[in-house]
Amino acid sequence: MSGNERPTGQQQTSTAAAGSVFLKACRGEPVPHTPVWFMRQAGRSLPEYLKVREGIPMLESCMRPELVTEITLQPVRRHKVDAAIYFSDIVVPLKAIGLDLDIKPGVGPVVAEPIRTRADLQRLRALEPDDVAYVTEAVGMLTGELGSVPLIGFAGAPFTLASYLVEGGPSRNHEHTKAMMYGEPRLWADLLDRLADITAAFLRVQIEAGASAVQLFDSWVGALAPADYRRSVMPASAKVFDAVAGYGVPRIHFGVGTGELLGLMGEAGADVVGVDWRVPLDEAARRVGGGRALQGNLDPAVLFAPRSAVESAARDVLDTARDLPGHVFNLGHGVLPSTDPDALTRLVDFVHTQTQA
Ligand code: CP3
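This report concerns the structure included in the present document. A quick note: this is a predicted structure, and the numbers were derived from the prediction, not measured.

1. So, the overall build of the chain
Phase 1: Counting secondary structure elements, the chain contains 17 helices and nine strands.
Phase 2: Expressed along its principal axes, the backbone C-alpha trace of the chain runs to roughly 55 × 45 × 45 Å.
Phase 3: Considering only residue pairs separated by 6 or more positions, the chain has 73% of its internal contacts joining residues 24 or more positions apart.
Phase 4: Total accessible area on the chain stands at roughly 14,400 Å², and carbon and sulfur atoms take up 50% of it.
Phase 5: Charged side chains in the chain number 34 positive and 42 negative. The centres of these two groups are separated by 2 Å.

2. As for helix 17 (residues 341-355)
Phase 1: Over its 15 residues, helix 17 extends 22 Å from the first C-alpha to the last, a length consistent with the 21 Å expected when each residue adds 1.5 Å.
Phase 2: When we look at burial in helix 17, the residues that qualify are P341, A343, L344, L347, V348, F350, V351, H352 and T355.

3. Here we look at the layout of surface pockets
Phase 1: In this structure, the largest pocket spans a volume of roughly 1,200 Å³.
Phase 2: As for the largest pocket, its lining consists of 43 residues, of which R40, R44, D89, G108 and P109 are closest to the centre.
Phase 3: Within the residue set of the lining of the largest pocket, elements represented by two or more residues are helix 3 (47-53), strand 2 (101-104), strand 3 (108-111) and helix 9 (158-167).
Phase 4: A total of three residues in the lining of the largest pocket trace back to one element, the largest contributor, which is strand 2.
Phase 5: Here the residues of the lining of the largest pocket sort into 24 nonpolar, 11 polar and eight charged.
Phase 6: Around the second largest pocket, the lining comprises 15 residues; the ones closest to its centre are V31, T34, A321, R322 and H327.
Phase 7: When its residues are assigned to classes, the lining of the second largest pocket shows seven nonpolar, five polar and three charged.

4. Observations regarding the nonpolar core
Phase 1: Within the largest apolar cluster, 126 residues are counted, with the highest numbers of intra-cluster contacts made by F22, L124, L191, Y229 and L347.
Phase 2: The dominant element in this core, judged by the number of residues it contributes, is helix 11 (residues 185-209), at 13 residues.
Phase 3: Once you skip the residues sitting within four places of it in the chain, L124 turns out to touch L94, I97, L99, I115, L165, L191, R194, L195 and I198.

5. Remarks on the packing of helix 5 (residues 65-79) against helix 8 (residues 133-146)
Phase 1: In the contact formed by helix 5 and helix 8, the axes pass within 9 Å of each other and the chain directions differ by 40 degrees. Our classification of the angle between helix 5 and helix 8 gives oblique. Helix 8 is crossed by helix 5, and the crossing has right-handed handedness. Note on element contacts: helix 8 touches helix 5 through Y134, E137, A138, M141, L142, E145 and L146, opposite P65, E66, V68, T69, T72, L73 and V76.
Phase 2: When grouped by side-chain class, the residues that make up the contact of helix 5 with helix 8 number nine nonpolar, two polar and three charged.

Thresholds, definitions, all that
Residues numbered from 1 in each chain as written. Predicted model: local features only at pLDDT ≥ 70, side-chain atom pairs only at ≥ 80, totals over all residues. Heavy atoms only, no water. Helix = DSSP H or I, 4+ residues; strand = E, 2+ residues; numbered from the N terminus. Contact = heavy atoms within 4.5 Å. Areas by Shrake-Rupley, 256 points an atom, 1.4 Å probe, with all protein chains shown as cover. Lys, Arg positive; Asp, Glu negative; His and termini not counted. Charge placed at Lys NZ, Arg CZ, Asp CG, Glu CD. Expected span 1.5 Å × (residues − 1). Buried < 20%, exposed > 50% of the residue type's maximum accessible area, 1.4 Å probe, protein only. 1 Å grid on protein atoms, 1.4 Å probe; cavity = no way out; pocket = protein on both sides within 12 Å on 5 of 7 lines; lining within 4 Å. Points joined across faces, edges and corners; volume = space filled by probe spheres on them. Nonpolar A, V, L, I, M, F, W, Y, C, P; charged D, E, K, R; others polar. Core = buried A, V, L, I, M, F, W, Y, C linked by side-chain atoms within 4.5 Å. Axes fitted to C-alpha atoms, helices over the stretch in contact; angles between N-to-C directions. Parallel < 35°, antiparallel > 145°, perpendicular 65-115°, else oblique. Left-handed = near helix turned anticlockwise from the far one by under 90°.

Limitation: the analysis is restricted to geometry and does not speak to function.
Below, the structure is given as structure tokens:
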């Protein structure tokens, strides 16, 4: 915890969730079993999700509190996971400030006019809580329904958001993004700073409405070398973590392909660092340092193998996590769309029974 004052906003974090196994593990406190949830657990593989989403575009569904509540609860009911993740998307706050963007099924976020120049920055105005009143409403409904199950709020990290905005859509090499980062460092720094403010505002809304933890998704940051991350990205991510430090809710920091960045990602201000499947958790703990809890890290593709192979891989994850200060079991990235939901339910049960004290 930093020395920040606790903000005076109306934070409603459900007291019912305060003693949950998930929050204890995030804080490195003793737990009766290892908690588990899955990135992208809401949506994707669940038939009940596809049914309620029928005919409703993704971004529109994010603006309907009742639908958001139902979709967020679905994996909790079905899999008995230890935490819910708020159903939304990383581009929702950008849409909310008026950017012309959409989420194309099977593709991802697509931005009509990419952000490439200083004049383009004017389009990134500050996010006000009223811009996302539906989030406040949905989080309020959810914390009522969830009872003792904590709700994780989330946002996209400045680098990953910048990549979508500068490229105009999903990108393998992030070439326009890196061209700006290396070629126009002041413009880049200003872009990331604005995104940090928007992201922080979006997380604050979720925490004040009752989210018990937050996760910053920097999914594509593994594309960077450590020195570039430290110089050109870390200040913006650190600003986001600082802005919400005073609430005292665990802050999780996740990216993919971040083996070489784990130490810096912890340094940016996270309480919990998410690890993909490429680095064993004991080694990840050495790299992250600071006695921080870790989250991860079963390869999501393992779930396509027979049950015995899934269980043996999950056992390996649990074994490498044995001496961690805290461990939240998760996949090393999101649930893949064609994953068998029953394999996820069985995995939750397996982790719980294997780790029961
Ligand atoms: O975890 C959850 O289940 C909560 C919901 C959630 C969504 N997006 C819903 C969604 C979360 C946490 C996200 C985060 C997100 N969105 C990230 C970070 C996590 C990660 O996987 O790295 C990123 C990079 C995005 C951007 C984005 N939005 C992508 C890459 C896609 C997938 C495109 C596709 O169809 O393959 C989306 C769309 C999206 N976000 C869908 C859902 C349920 C699919 C919507 C649809 O197809 O209608």
